[in-house]
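Residue-level listing of the chains:
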Amino acid sequence: MGNRIMVNKKKYKVGMYGGAFNPLHLGHLECIIKAAGLCEELYIVISYRENKTDIPLRVKIRWIYQLTKHIGNVRPIPLEDKLTNKEDYVEELWTEDCRKVRESIGKPIDVVFCGGDYDENSFWNKCYPDSEFVVFPRNEYNSTDIRKDIYGHWDWMPQIVRSYFTKRVLLIGGESSGKSTLTVNLANYFNTVYLEEVGRDLSELSGTDVYMLSEDFTRILLEHKAKEMRLIDKSNKVFFEDTDCLITRFFMGFLEDENIEKNERLAEAIAELNSYDLILYLEPDVEWVQDGDRSEVIAADREKYGDMIKALYTKYGFEFKTISGDYNNRFDQAVKYVKELLENKSY
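Residues numbered from 1 in each chain as written. Predicted model: local features only at pLDDT ≥ 70, side-chain atom pairs only at ≥ 80, totals over all residues. Heavy atoms only, no water.

A. Molecular detail of the sheet that holds strand β6 (residues 167–173). Read from one edge to the other, the open sheet built from five strands follows the order β7-β8-β6-β9-β10, with strand pairing classed as parallel. With one partner strand each, in any of the chains shown, β7 (194–195) and β10 (321–323) form the two edges of the open sheet. Judged from the two bridges that link them, β7 and strand β8 (residues 238–242) form a sheet pairing that is parallel. Residue pairing across strands places Tyr194 opposite Phe240, the latter belonging to β8. Lying over the sheet, helix α14 (residues 327–342) contacts β6, β8, β9 (278–282) and β10, oriented at roughly 155 degrees with respect to β10. (Pairing = 2+ DSSP bridges. Helix = DSSP H or I, 4+ residues; strand = E, 2+ residues; numbered from the N terminus. Contact = heavy atoms within 4.5 Å. Axes fitted to C-alpha atoms, helices over the stretch in contact; angles between N-to-C directions.)

Structure (C-alpha coordinates):
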(Lines give C-alpha, C1' and ligand atoms only; values in the text may rest on other atoms or scores of the structure.)
Protein backbone atom coordinates (compact mmCIF):
# COMPACT_ATOMS: atom_id res chain seq x y z
CA MET A 1 0.00 0.00 0.00
CA GLY A 2 1.10 3.52 -0.74
CA ASN A 3 1.40 6.21 1.91
CA ARG A 4 -1.92 7.71 2.96
CA ILE A 5 -2.13 11.47 2.91
CA MET A 6 -4.17 12.87 5.80
CA VAL A 7 -6.20 15.95 4.88
CA ASN A 8 -7.35 18.23 7.68
CA LYS A 9 -11.01 19.03 7.24
CA LYS A 10 -12.03 22.59 8.03
CA LYS A 11 -14.08 22.92 11.21
CA TYR A 12 -16.72 25.17 9.62
CA LYS A 13 -18.24 25.34 6.17
CA VAL A 14 -19.22 29.05 6.11
CA GLY A 15 -17.78 31.74 8.35
CA MET A 16 -18.06 35.49 8.60
CA TYR A 17 -15.81 38.25 9.92
CA GLY A 18 -16.69 41.93 9.73
CA GLY A 19 -15.35 45.39 10.36
CA ALA A 20 -14.95 48.93 9.07
CA PHE A 21 -11.23 48.42 8.32
CA ASN A 22 -10.77 52.15 8.61
CA PRO A 23 -7.90 51.46 8.18
CA LEU A 24 -7.14 47.75 8.03
CA HIS A 25 -4.34 46.81 10.45
CA LEU A 26 -2.30 43.75 11.40
CA GLY A 27 -4.84 42.78 14.06
CA HIS A 28 -7.54 42.54 11.40
CA LEU A 29 -5.19 40.55 9.19
CA GLU A 30 -4.38 38.08 11.98
CA CYS A 31 -8.08 37.47 12.60
CA ILE A 32 -8.78 36.99 8.89
CA ILE A 33 -5.91 34.51 8.50
CA LYS A 34 -7.04 32.46 11.51
CA ALA A 35 -10.71 32.57 10.52
CA ALA A 36 -9.90 31.51 6.95
CA GLY A 37 -7.96 28.56 8.34
CA LEU A 38 -11.08 27.34 10.14
CA CYS A 39 -13.57 27.71 7.27
CA GLU A 40 -14.19 26.35 3.82
CA GLU A 41 -15.57 29.77 2.93
CA LEU A 42 -14.95 33.01 4.79
CA TYR A 43 -16.97 36.14 4.03
CA ILE A 44 -15.56 39.52 5.08
CA VAL A 45 -18.30 42.07 5.74
CA ILE A 46 -16.85 45.49 4.95
CA SER A 47 -18.73 48.34 6.59
CA TYR A 48 -18.35 51.61 4.68
CA ARG A 49 -19.69 55.15 4.54
CA GLU A 50 -20.09 57.31 1.46
CA ASN A 51 -18.36 60.37 2.91
CA LYS A 52 -14.90 61.86 3.21
CA THR A 53 -14.38 60.58 6.76
CA ASP A 54 -14.19 57.00 5.53
CA ILE A 55 -11.66 55.23 3.35
CA PRO A 56 -13.33 54.42 0.00
CA LEU A 57 -14.96 51.00 -0.26
CA ARG A 58 -13.01 50.06 -3.39
CA VAL A 59 -9.74 50.71 -1.55
CA LYS A 60 -10.78 48.45 1.34
CA ILE A 61 -11.81 45.69 -1.05
CA ARG A 62 -8.44 45.97 -2.82
CA TRP A 63 -6.60 45.64 0.50
CA ILE A 64 -8.48 42.53 1.54
CA TYR A 65 -8.21 40.89 -1.86
CA GLN A 66 -4.46 41.50 -2.16
CA LEU A 67 -3.84 40.23 1.38
CA THR A 68 -5.94 37.06 1.00
CA LYS A 69 -5.93 36.06 -2.69
CA HIS A 70 -3.30 33.38 -2.02
CA ILE A 71 -5.59 31.79 0.59
CA GLY A 72 -8.39 31.32 -1.93
CA ASN A 73 -11.47 31.05 0.29
CA VAL A 74 -12.03 34.68 1.32
CA ARG A 75 -14.82 36.79 -0.20
CA PRO A 76 -15.72 40.45 0.57
CA ILE A 77 -19.27 41.69 1.16
CA PRO A 78 -19.92 45.48 1.20
CA LEU A 79 -22.36 46.78 3.82
CA GLU A 80 -23.19 50.49 3.78
CA ASP A 81 -23.28 52.28 7.13
CA LYS A 82 -25.38 55.44 6.99
CA LEU A 83 -24.86 56.36 10.64
CA THR A 84 -22.34 58.79 12.10
CA ASN A 85 -22.32 57.46 15.68
CA LYS A 86 -22.04 53.88 16.94
CA GLU A 87 -24.52 54.73 19.68
CA ASP A 88 -27.24 55.09 17.04
CA TYR A 89 -26.81 51.49 15.93
CA VAL A 90 -29.96 50.11 17.54
CA GLU A 91 -31.51 46.64 17.33
CA GLU A 92 -33.81 47.52 14.45
CA LEU A 93 -30.78 48.45 12.33
CA TRP A 94 -28.86 45.34 13.44
CA THR A 95 -31.70 43.18 12.19
CA GLU A 96 -31.84 44.90 8.82
CA ASP A 97 -28.06 44.62 8.32
CA CYS A 98 -28.21 40.98 9.34
CA ARG A 99 -30.85 40.37 6.67
CA LYS A 100 -28.67 42.03 4.02
CA VAL A 101 -25.63 39.98 4.99
CA ARG A 102 -27.55 36.69 5.01
CA GLU A 103 -29.01 37.57 1.62
CA SER A 104 -25.57 38.35 0.20
CA ILE A 105 -24.02 35.12 1.49
CA GLY A 106 -27.01 33.06 0.43
CA LYS A 107 -26.29 30.07 2.67
CA PRO A 108 -26.30 29.25 6.40
CA ILE A 109 -23.57 30.97 8.40
CA ASP A 110 -21.95 28.42 10.69
CA VAL A 111 -19.72 30.79 12.63
CA VAL A 112 -19.21 34.51 13.26
CA PHE A 113 -15.68 35.61 14.14
CA CYS A 114 -14.76 38.75 16.07
CA GLY A 115 -11.68 40.37 17.48
CA GLY A 116 -11.11 40.73 21.20
CA ASP A 117 -12.75 44.17 21.30
CA TYR A 118 -16.15 42.40 21.11
CA ASP A 119 -17.84 39.90 23.44
CA GLU A 120 -21.00 37.77 23.53
CA ASN A 121 -23.10 40.89 24.19
CA SER A 122 -22.13 42.50 20.91
CA PHE A 123 -24.49 42.85 17.95
CA TRP A 124 -22.29 40.41 16.03
CA ASN A 125 -23.47 37.67 18.38
CA LYS A 126 -27.06 38.86 18.85
CA CYS A 127 -27.68 39.23 15.11
CA TYR A 128 -26.72 35.65 14.33
CA PRO A 129 -28.10 33.49 17.20
CA ASP A 130 -27.97 30.32 15.07
CA SER A 131 -24.24 30.73 14.39
CA GLU A 132 -21.38 29.80 16.66
CA PHE A 133 -19.59 32.86 18.04
CA VAL A 134 -15.77 32.84 18.18
CA VAL A 135 -13.73 35.68 19.67
CA PHE A 136 -10.03 35.84 18.91
CA PRO A 137 -7.76 37.11 21.72
CA ARG A 138 -7.37 40.88 21.76
CA ASN A 139 -4.16 42.27 20.29
CA GLU A 140 -2.46 45.66 20.58
CA TYR A 141 -3.71 47.05 17.26
CA ASN A 142 -6.72 49.30 16.80
CA SER A 143 -7.88 51.65 14.08
CA THR A 144 -8.76 54.50 16.45
CA ASP A 145 -5.15 54.98 17.56
CA ILE A 146 -3.94 54.72 13.97
CA ARG A 147 -6.37 57.42 12.83
CA LYS A 148 -5.07 59.74 15.54
CA ASP A 149 -1.42 59.23 14.57
CA ILE A 150 -0.91 57.51 11.23
CA TYR A 151 2.87 57.77 11.13
CA GLY A 152 3.34 56.95 14.80
CA HIS A 153 1.60 53.62 14.20
CA TRP A 154 3.05 52.97 10.76
CA ASP A 155 4.25 49.47 11.71
CA TRP A 156 0.71 48.47 12.67
CA MET A 157 -0.39 48.42 9.03
CA PRO A 158 0.43 46.03 6.17
CA GLN A 159 2.55 47.56 3.39
CA ILE A 160 -0.37 47.71 0.94
CA VAL A 161 -2.33 49.79 3.46
CA ARG A 162 0.61 52.09 4.18
CA SER A 163 0.82 53.12 0.53
CA TYR A 164 -2.63 54.72 0.83
CA PHE A 165 -1.24 57.14 3.42
CA THR A 166 2.14 57.75 1.79
CA LYS A 167 2.90 61.43 1.19
CA ARG A 168 4.03 62.37 -2.31
CA VAL A 169 6.78 64.95 -2.75
CA LEU A 170 7.70 66.27 -6.20
CA LEU A 171 10.93 68.15 -6.97
CA ILE A 172 10.88 70.49 -9.97
CA GLY A 173 13.06 73.14 -11.54
CA GLY A 174 15.23 73.88 -14.53
CA GLU A 175 18.37 72.07 -15.60
CA SER A 176 21.35 71.99 -13.24
CA SER A 177 19.30 73.02 -10.20
CA GLY A 178 20.26 69.95 -8.18
CA LYS A 179 16.92 68.10 -8.42
CA SER A 180 18.30 64.62 -9.01
CA THR A 181 20.90 64.75 -6.25
CA LEU A 182 18.48 66.24 -3.74
CA THR A 183 15.82 63.64 -4.60
CA VAL A 184 18.20 60.77 -3.81
CA ASN A 185 19.52 62.48 -0.66
CA LEU A 186 16.01 63.00 0.68
CA ALA A 187 14.95 59.44 -0.09
CA ASN A 188 18.02 58.09 1.71
CA TYR A 189 17.50 60.44 4.66
CA PHE A 190 13.84 59.43 5.10
CA ASN A 191 14.60 55.76 4.41
CA THR A 192 12.26 55.42 1.47
CA VAL A 193 12.21 55.00 -2.31
CA TYR A 194 12.27 57.58 -5.08
CA LEU A 195 11.51 57.93 -8.77
CA GLU A 196 14.43 59.15 -10.83
CA GLU A 197 13.98 61.25 -13.94
CA VAL A 198 12.92 58.73 -16.58
CA GLY A 199 13.73 61.07 -19.47
CA ARG A 200 17.47 61.15 -18.72
CA ASP A 201 18.14 57.77 -20.37
CA LEU A 202 15.30 57.77 -22.89
CA SER A 203 16.34 61.12 -24.32
CA GLU A 204 19.70 59.61 -25.32
CA LEU A 205 18.48 56.60 -27.29
CA SER A 206 20.05 58.22 -30.37
CA GLY A 207 23.13 59.32 -28.46
CA THR A 208 21.82 62.85 -27.92
CA ASP A 209 18.47 64.49 -27.26
CA VAL A 210 18.91 66.51 -30.46
CA TYR A 211 17.76 63.49 -32.48
CA MET A 212 14.92 62.31 -30.26
CA LEU A 213 11.94 60.67 -31.93
CA SER A 214 8.42 61.82 -31.21
CA GLU A 215 7.71 58.43 -29.67
CA ASP A 216 10.51 59.03 -27.14
CA PHE A 217 8.47 61.81 -25.52
CA THR A 218 5.41 59.58 -25.43
CA ARG A 219 7.43 56.83 -23.81
CA ILE A 220 8.93 59.21 -21.22
CA LEU A 221 5.48 60.43 -20.21
CA LEU A 222 3.94 56.97 -19.95
CA GLU A 223 6.89 55.18 -18.34
CA HIS A 224 7.32 57.90 -15.72
CA LYS A 225 3.70 57.59 -14.63
CA ALA A 226 3.79 53.79 -14.68
CA LYS A 227 6.96 53.68 -12.55
CA GLU A 228 5.45 56.15 -10.10
CA MET A 229 2.40 53.92 -9.62
CA ARG A 230 4.58 50.87 -8.97
CA LEU A 231 7.06 52.53 -6.61
CA ILE A 232 4.47 54.23 -4.40
CA ASP A 233 3.51 50.78 -3.05
CA LYS A 234 7.07 50.30 -1.76
CA SER A 235 7.40 53.66 -0.03
CA ASN A 236 7.98 54.36 3.64
CA LYS A 237 5.74 57.25 4.76
CA VAL A 238 6.94 59.56 1.98
CA PHE A 239 7.74 59.15 -1.73
CA PHE A 240 10.08 61.44 -3.66
CA GLU A 241 9.73 62.13 -7.38
CA ASP A 242 12.29 63.82 -9.63
CA THR A 243 10.27 65.89 -12.15
CA ASP A 244 6.97 64.88 -13.78
CA CYS A 245 4.96 65.23 -16.98
CA LEU A 246 4.86 69.04 -16.93
CA ILE A 247 8.65 69.29 -16.87
CA THR A 248 8.69 66.95 -19.87
CA ARG A 249 6.11 69.17 -21.55
CA PHE A 250 8.28 72.22 -20.88
CA PHE A 251 11.36 70.69 -22.54
CA MET A 252 9.39 69.60 -25.59
CA GLY A 253 9.48 73.23 -26.67
CA PHE A 254 13.28 73.12 -26.99
CA LEU A 255 13.45 69.92 -29.03
CA GLU A 256 11.91 69.03 -32.38
CA ASP A 257 8.83 66.82 -32.05
CA GLU A 258 6.62 66.32 -35.09
CA ASN A 259 3.77 65.23 -32.84
CA ILE A 260 4.31 67.85 -30.17
CA GLU A 261 0.63 68.78 -29.95
CA LYS A 262 -0.35 65.16 -29.28
CA ASN A 263 2.37 64.72 -26.68
CA GLU A 264 1.45 68.01 -25.03
CA ARG A 265 -2.14 66.81 -24.72
CA LEU A 266 -0.87 63.57 -23.21
CA ALA A 267 1.25 65.50 -20.71
CA GLU A 268 -1.71 67.66 -19.77
CA ALA A 269 -3.97 64.63 -19.36
CA ILE A 270 -1.47 63.00 -16.99
CA ALA A 271 -1.16 66.30 -15.08
CA GLU A 272 -4.91 66.20 -14.49
CA LEU A 273 -4.48 62.78 -12.83
CA ASN A 274 -1.48 63.76 -10.72
CA SER A 275 -1.67 64.96 -7.14
CA TYR A 276 1.10 65.80 -4.69
CA ASP A 277 1.22 66.61 -1.00
CA LEU A 278 4.26 68.84 -1.46
CA ILE A 279 6.02 70.32 -4.48
CA LEU A 280 9.49 71.80 -4.07
CA TYR A 281 10.71 74.20 -6.74
CA LEU A 282 14.49 74.61 -6.84
CA GLU A 283 15.61 78.07 -7.82
CA PRO A 284 18.40 78.28 -10.45
CA ASP A 285 20.84 79.98 -8.08
CA VAL A 286 23.49 77.28 -7.88
CA GLU A 287 26.36 77.00 -10.35
CA TRP A 288 25.44 75.80 -13.84
CA VAL A 289 27.06 72.46 -14.72
CA GLN A 290 27.08 71.24 -18.30
CA ASP A 291 26.19 67.57 -18.01
CA GLY A 292 25.82 66.03 -21.45
CA ASP A 293 23.30 67.88 -23.62
CA ARG A 294 21.97 70.52 -21.27
CA SER A 295 20.56 73.50 -23.14
CA GLU A 296 22.88 76.47 -23.49
CA VAL A 297 19.80 78.55 -24.39
CA ILE A 298 18.34 77.88 -20.94
CA ALA A 299 21.75 78.42 -19.35
CA ALA A 300 21.88 81.93 -20.83
CA ASP A 301 18.75 83.04 -18.94
CA ARG A 302 17.98 80.52 -16.21
CA GLU A 303 15.71 82.84 -14.25
CA LYS A 304 13.50 83.51 -17.27
CA TYR A 305 12.97 79.83 -18.01
CA GLY A 306 12.57 79.05 -14.33
CA ASP A 307 9.71 81.53 -14.21
CA MET A 308 8.17 79.76 -17.20
CA ILE A 309 8.22 76.48 -15.27
CA LYS A 310 6.59 78.15 -12.27
CA ALA A 311 3.91 79.63 -14.51
CA LEU A 312 3.21 76.21 -16.05
CA TYR A 313 2.58 74.60 -12.66
CA THR A 314 0.50 77.53 -11.49
CA LYS A 315 -1.59 77.25 -14.68
CA TYR A 316 -2.52 73.68 -13.79
CA GLY A 317 -3.38 74.53 -10.20
CA PHE A 318 -0.26 73.20 -8.45
CA GLU A 319 1.12 75.11 -5.46
CA PHE A 320 4.80 74.80 -4.57
CA LYS A 321 7.40 75.79 -2.01
CA THR A 322 10.52 77.55 -3.28
CA ILE A 323 13.98 76.39 -2.24
CA SER A 324 17.16 78.36 -2.82
CA GLY A 325 20.72 78.80 -1.58
CA ASP A 326 23.65 76.41 -1.62
CA TYR A 327 23.25 72.63 -1.64
CA ASN A 328 23.30 72.28 2.15
CA ASN A 329 20.70 75.02 2.57
CA ARG A 330 18.50 73.32 -0.03
CA PHE A 331 18.73 70.02 1.81
CA ASP A 332 17.89 71.64 5.17
CA GLN A 333 14.93 73.53 3.72
CA ALA A 334 13.57 70.41 2.01
CA VAL A 335 13.90 68.30 5.17
CA LYS A 336 12.05 70.97 7.13
CA TYR A 337 9.13 71.02 4.69
CA VAL A 338 8.88 67.22 4.60
CA LYS A 339 8.95 66.92 8.39
CA GLU A 340 6.18 69.51 8.63
CA LEU A 341 4.20 67.43 6.15
CA LEU A 342 4.60 64.29 8.26
CA GLU A 343 3.64 66.12 11.45
CA ASN A 344 0.07 66.17 10.13
CA LYS A 345 -0.56 62.83 11.84
CA SER A 346 -4.23 62.22 11.14
CA TYR A 347 -5.82 61.50 7.77
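B. Spatial organisation of the packing of helix α9 (residues 214–231) against helix α10 (residues 245–252). It is the contact of α9 with α10, at a shortest axis distance of 9 Å, that shows an interaxial angle of 165 degrees. Of the possible angle classes, the one that applies to α9 and α10 is roughly antiparallel. The two elements α9 and α10 meet at a crossing, and its hand is right-handed. For the pair α9 and α10, the contacting residues are Phe217, Ile220 and Leu221 in the first and Cys245, Thr248 and Met252 in the second. Class assignment of the residues belonging to the contact of α9 with α10 gives a composition of five nonpolar, one polar and no charged. (Parallel < 35°, antiparallel > 145°, perpendicular 65-115°, else oblique. Left-handed = near helix turned anticlockwise from the far one by under 90°. Nonpolar A, V, L, I, M, F, W, Y, C, P; charged D, E, K, R; others polar.)

C. Representation of the environment of Tyr17 within the structure. Within the element layout of this structure, Tyr17 appears in strand β1 (residues 12–19). For the pair Tyr17 and Val112, spaced 95 residues apart in sequence, the C-alpha to C-alpha distance is 6.1 Å. If we ignore the near neighbours within four places in the chain, the residues touching Tyr17 are His28, Cys31, Ile32, Leu42, Tyr43, Ile44, Val45, Phe113, Cys114 and Gly115.

D. Layout of unusual backbone geometry. For the bond from Asn22 to Pro23, the omega torsion is 10 degrees, close enough to zero to count as cis. Structurally, Pro23 can be placed in the loop between β1 and α1 (26–38). The backbone of Phe21 sits at a positive phi, close to 50 degrees, despite the residue not being glycine. Tracing the sequence through the fold places Phe21 in the loop between β1 and α1. Of note, the phi angle at Lys237 is positive, near 75 degrees, even though the residue is not glycine. Summarising the element assignment, Lys237 is placed in the loop between α9 and β8. Judged by its relative accessible area of 26%, Lys237 falls in the partly exposed class. (Buried < 20%, exposed > 50% of the residue type's maximum accessible area, 1.4 Å probe, protein only.)

E. The arrangement of the packing of aromatic side chains in detail. Taken as a whole, this structure holds 14 aromatic pairs when the rule is applied. An angle of 85 degrees between the planes, with centres 5.5 Å apart, marks the rings of Tyr141 and Trp156 as edge-to-face. You can see Tyr141 sitting in the loop between β5 (132–135) and α5 (143–148) and its partner Trp156 sitting in the loop between α5 and α6 (159–165), a full 15 residues away along the chain. The exposure class of Trp156 is buried, given its relative accessible area of 15%. On the numbers, 6.1 Å between centres and 65 degrees between planes, the contact of Tyr313 with Phe318 is edge-to-face. Side by side, Tyr313 and Phe318 carry an identical accessibility label, which is buried. Through pairs of rings, three or more aromatic residues link up here, namely Tyr189, Phe190, Phe240 and Phe331. (Phe/Tyr/Trp six-rings, centres within 6.5 Å; stacked < 30°, edge-to-face > 60°.)

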